Amino acid sequence: MAASGKVLPLLAVAAVLAAALLYAAPFSKSLGGEGCSLLPHDHFWIASERVVTLGRVGPAAVEVKGGLINAIAVGDYRSFVLRRPLVDYGDAVIMPGLIDVHAHLDEPGRAAWEGFSTGTRAAAAGGITTLVDMPLNSFPSTVSEETLKLKLDAARDKLYVDVGFWGGLVPENALNPSKLESLLNAGVLGLKSFMCPSGINDFPMTNSTHIEEGLVTLAKYKRPLLIHAERIPDVASDDELDDELDPRSYATYLKSRPATWEESAIRDLKRAMKDTEVGGRSEGAHLHIVHLSDAETTLDLLKDAKQSGARLSIETCPHYLAFSAEEVPDGDTRFKCSPPIRNAANKENLWGALLDGHLDMLSSDHSPSTPDLKLMEEGNFMKAWGGISSLQFVLPVTWSHGKKYGITLNQLVSWWSEKPAELAGQKNKGAILPGYHADIVVWKPEAQFHLDDSHAVYHKHRNISAYLGKELSGHVLSTFVRGNLVFAEGKHAGAACGVTILAKSSSTGYRPPTSVSGGKRRPPASTQTAMATTNASNLTLLLASTLPSRVRLPTRLLRAPRASPLRLSTAAASSGSRTLTSPASLETPEAAEELRLETESALEWGCVCARLADFASTAAGRAACAEGRVPVGRSREESERLLEQTAAAVALLSSLTPLDFGGVGDVSAVVAAAARGRLLAAREVCGVGRSLRAARGVFEQLNGLAEEMPDGRYSPLLDILQDCDFLTELVQMIEFCLDSNLSMVLDQASDKLGTIRKERRMNIDVLESLLRDASTKIFQAGGVDSPLVTKRRSRMCVGVKASHKHLVPGGIVLSSSGSGATYFMEPRDAVQLNNTEVKLAGDERAEELAVLGLLTSRISDSQPKIRHLMGKILELDLACARGSYALQINGVRPAFSDRDNSTQLDPSSACSVFIEGIQHPLLLEQFHGMVKESAAKVGNGQLSDEVHVSAMPVPLDMRVKNDTRIVVISGPNTGGKTATMKTLGLASLMSKAGMFFPAKGRPRLPWFDQVLADIGDHQSLENSLSTFSGNISRLRKIVQVVSKDSLVLIDEIGSGTDPSEGVSLSTSILKYLASRLNLAIVTTHYADLSRLKSVDDRFENAAMEFCVETLKPTYRILWGSTGNSNALSIAKSIGFDQKILDRAQEWVEKLLPDKQKERQGLLYDSLRDERNLLESQANEAASVLSDVEGLYNEIRSEADDLDNRVAGLRAIESHKYNSAMRKAEAATASLAAAHQPTEFTFGDDENKSSYVPQIGDKVYVEGLGGGSTATVAEILSEDGSCIVQYGKIKARTKNNKMKLAQRDTKDTSASSVQRKGRTAKRSPAEATQGASISFAPAVQTSKNTVDLRGLRVAEASHELQMAIDGCRSYQVLFIVHGMGTGAVKECALGILRSHPRVAKIEDESPLNYGCTVAYIE
């Protein structure tokens, strides 16, 4: 023991020496290296006493491995990181690298202005680790995929920090979605547009239409649109520029771009901002206003838009927070920027908006140029290039000017890292967290330096920066980009290894960090690391595997992390082992939570909570009820305590003395903001003070009421606020420092503030007196119409006519009227007084902020006590709300039963559930609401006395014996089975939450740790679940999480599948659950489930009553009975066909259980006979098949020689036909020769005197053959010549060459002489009778066919008329009109029926659809 006692101190000393050597060894050499990093390590730690992470600032060490943050050790880290190289920065600040989302690097095309190399070197020296380059000032501007590629090529091997790119929204692509999508797909992080001329020729301005259309495209990509929000108003300002104004004067330039330009732009964006709201045309898009300068009307418009729900963010720049117009020297064009730097009051308002959270982030708007473009010697503000060169100085500038406003390191991180990373879509940047890029800046806030010529400046043109010559605080020591030390001790890394960031792929443009050997590092390894052990009990170690892969904001990280940070304790370290939880066991809590939410939804618990919200008195109480966050007891004791509170609240409210919660506000968000380091506004601090004062008032009121009632009835309520700290000292401090009514800091808040305000009042009195006297003198001298003292540019001045400017000798013109007739001048004697006023106003604001900072700090320190107190006030408010609700519904207090404590004295003790006359609270409220509404309408004369009101919910009696585990409820459809089950489930939840429910007597029911319900149809097309599979999936989860104290509610168990399988599965599930839960209520239509009671004492039956007389359910429950579905009775009551019902009744009788075996035997015999029949039919079919196959083969062989046989038959038939034709021709010739008559000859005298031809006469014509007759077809003229037809031949002959053979005397009177060129229309009867007239054969050819298909009616009519007129006599004409709509057909038929040359027509036939045949005379 003695030896070991001597050895241990030596070992301790050795350990200390080894640690010291290990700390110093890796970094004893000077920084150097030609690779991407100045450190020769890929895996190392950096540490400091001030590390900004997880919303806190304190000692920590950060492990960097492979370019990523691998772990964070918060607290005493030294003993833990001995194994790795450590860079200990002492008390320097380690925080996330700055992300500048607004910088102009001007390359390609204008590298003489800045360039990627010099710009990123300056950024690294200023602690900036990521830049997003603007699309303009380079040439060409980045407005297309091609120009983006040019920029990527120009950036290659020149980047010392990571660089992303914005694209340009210009008129050329704004209305062309394909071009815009091409640019977005190429990888720009978002778009930028100008609402005024940009000064760059290839980057024209856009209007609101371009912006609105661009947002529609951006909404698909969820990327932002950045807008330079200056727009020349449609109506000219009163402050018109005078050509005589001095262009070297900054006031002249300020007047040229007034704040109304920014206001006009925001007003023009109103519709675009509205489109980004939820449900808007561009939902998903995001508007970002760059470099806001006007902190008055423009800012108010933007705040209103945010409050309305627009997706909107705003940035401002350090130069607007550091400079004011009053201090810009005339001719110093380094200060020129757009929009311009405004007055001191505006600067103060910008700081206030930034601190209050109305401005979201900061950016540099680094916009350099060449010195000659700045016209620094000429000093012409109107012609010089606008833009402030600031990339290297934004961190010290922000810190130096923000210190007097009490800004914190956490606020810096939010403005410069977190919010910009979110805007640019960089989920692995902006915070020091495991798994994030190791982008880190190390700096000393207290280190002051003078930005003179000796200070290293890495911009291309150092002399154009407006910050030169300023005293600043905040010296950057080191900058790490993806684990590479790119800047340290005024030296940059040897190689530019920054990454180009493109949106389409997280790895696009990624350059792996270099390794130790050869200057190249391997790509980052996985961030998943094993948990290490340590003996440091005060160490919190965050590993990459303990946090989600994506964390939105570090300040919110602790709200609800999925895996809490690993806290390594001494005990854990000594054991050296861990307990691993299997995934299966982790599933149960998640499944239980999911089932809880689904059950509460099915039981409409949210509706009950919403009713409770109507009775809450505080905003926090109403919000908790509306969101369903009503506390539910997690144990029986907790639920009983809640019931006691409700009973006390009922007693309190019954005495008509409600508690006064007026003045209690929801200050949780304000207190949390203070804890995060945000400076609270005066109204927020006053709100906290009022809430604390009101909380104490509630306690005092309740305490007074309790003293008046010594019986202790209010004790449960009073116990809520016992042991609460009402923070009386903090309230008194707030009330001493602030005026709660005016929300302003009082003079007495600090001696310094009182002195400043006193001096300011005295200075104002002297200044106003001086100006009044000066204005009176000017008025008396005729220099102004009436004495005028006013303020311009935050300085007091007097008005004087321009022509009487000499009346204010040595005065300064601050501004002029719109007409230029009046100058507003600051007298020479008032300059110093005004300067004093500006200085005192700033001092006053600073002191006010100091007071608010002190109060914010006190509130932050008191956060746990305030949260505890407000939580207790919320608990008291909810208790009173439960009491009011109980009185509203006439609720009674339930009691929790014990199955083992039954007595004979109390019959109800034999039941685990004993509730009489319970009514569903939601149905009951609905009934009362309808009664009130109907009564009001009757009172107003809107309804008659016969007002229909739904019946009051039927009271239910519920009695479940102690030994019962499963209750099977059966009964008719719409009989109330599900409503009964829901009522019991809701009563269980209400009793657990300490709520009374409407019932009689003293209801008793068990305390259930879980209420699990399977109610409703869980069919899901999305998850491919049918009704049955959805229900079974829910039951599987219930079986997983059920416990001995659970209540399970199952509606229509086993439905949606085959009844026999459904009954079997349901029986198995219920028997399994019977030994694993407290109580299950099951509804069913399966009679077999009701029979389980006869074989298992744990089962009980219940039925819903059905009235057989009215054929309607009564909604009353009959315990111990088995109910029928009464489907046929219900169908009959609604008028279903009785024949169908009778047939259904027959099937019911056949399906009765006592006939099941008989029916099964008959079914077996029937199936066996059918099988035998089918076998015989199969054998017969096989025989027939064999015969058919033989016949088929025979026919097939005959068919093979069919062609030869056909050819032979054709030859034989041809020979026979030719022989027959020759015989027929010979016979015809002999007959013709035998019957040929002799030739007739006529004398002229005979015919002249005896024969006058008439149409239709049969005549012998000389020269046609002796026995042949012809028919007179037409008489041509008076000379006796006519046309005769002989067969198909027509010939002209004279009367003296013809002899009458036969005259048709049937209708000679109807015939008329036809003159040449005129033809009489023949009737159909005449055409039929004139069978002797022979038409051409009715054979369709191309020459006798007219095709009217496809023609219009007019065209078809003309075509048909032409065809008829051109047709020869006694020809057949085929008119093809088609089917179609029938218009052409009707036209054609009309023409054919009325045309004089058409003898007859034949309508279309089945063989010739769409064609009509006409016979033309």
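The structure contained in this document is the topic of the report that follows. As the structure is a computational prediction, the values presented were derived from the model and not from experiment.

## Regarding the environment of Ala-1074
Within the element layout of this structure, Ala-1074 appears in helix H30 (residues 1059-1074). Relative accessible area serves as the criterion here: at 2%, Ala-1074 is assigned to the buried category. Sequence separation of Ala-1074 and Arg-965 is 109 residues, and the distance between their C-alpha atoms is 5.6 Å. Leaving out residues up to four positions away in the same chain, Ala-1074 has contacts with Arg-965, Ile-966 and Arg-1098.

## Things to note about the sheet that holds strand E24 (residues 789-792)
If you walk across this open sheet you meet the four strands as E24-E25-E27-E26, and the pairing is antiparallel. The open sheet is flanked by E24 and strand E26 (812-816), the only strands paired with a single partner. Shown here is a sheet whose adjacent strand axes are inclined to one another by a mean of 45 degrees, direction ignored. Summarising the sheet, strand E25 (residues 795-801) and strand E27 (residues 822-826) pair through four bridges and their orientation is antiparallel. Within E27, the position partnered with Val-798 by the bridge is Met-825.

## A look at the sheet that holds strand E11 (residues 224-228)
The strand order across the open sheet formed by six strands is E9-E10-E11-E12-E13-E14, and the pairing between neighbours is parallel. A single partner strand is all that each edge strand has here, and the edge strands are strand E9 (167-168) and strand E14 (361-362). For E9 and strand E10 (residues 191-194), the ladder comprises two bridges, and the chain directions are parallel. What sits directly across from Gly-167, in E10, is Leu-191.

## Details of the state of the cysteines
Disulfides are covalent bonds that connect the sulfur atoms of two cysteines. On inspection of all chains with the given rule, the structure shows one disulfide. Sulfur-sulfur distance for the disulfide between Cys-36 and Cys-497 comes to 1.7 Å. On the S-S bond that ties Cys-36 to Cys-497, the torsion sits near -65 degrees, and the link is left-handed. Here the residue Cys-36 occupies a position in the loop between helix H1 (2-24) and strand E1 (43-53), and Cys-497 occupies one in the loop between strand E18 (491-492) and strand E19 (500-501), the gap between them amounting to 461 residues. Summarising the burial analysis for this pair, Cys-36 and Cys-497 share the class buried. Between Cys-609, a cysteine without a disulfide, and Cys-625, which holds the nearest cysteine sulfur, the sulfur-to-sulfur distance is 6.6 Å.

Rules and cut-offs
- Residues numbered from 1 in each chain as written.
- Predicted model: local features only at pLDDT ≥ 70, side-chain atom pairs only at ≥ 80, totals over all residues.
- Heavy atoms only, no water.
- Helix = DSSP H or I, 4+ residues; strand = E, 2+ residues; numbered from the N terminus.
- Buried < 20%, exposed > 50% of the residue type's maximum accessible area, 1.4 Å probe, protein only.
- Contact = heavy atoms within 4.5 Å.
- Pairing = 2+ DSSP bridges.
- Axes fitted to C-alpha atoms, helices over the stretch in contact; angles between N-to-C directions.
- Disulfide = S-S within 2.5 Å.

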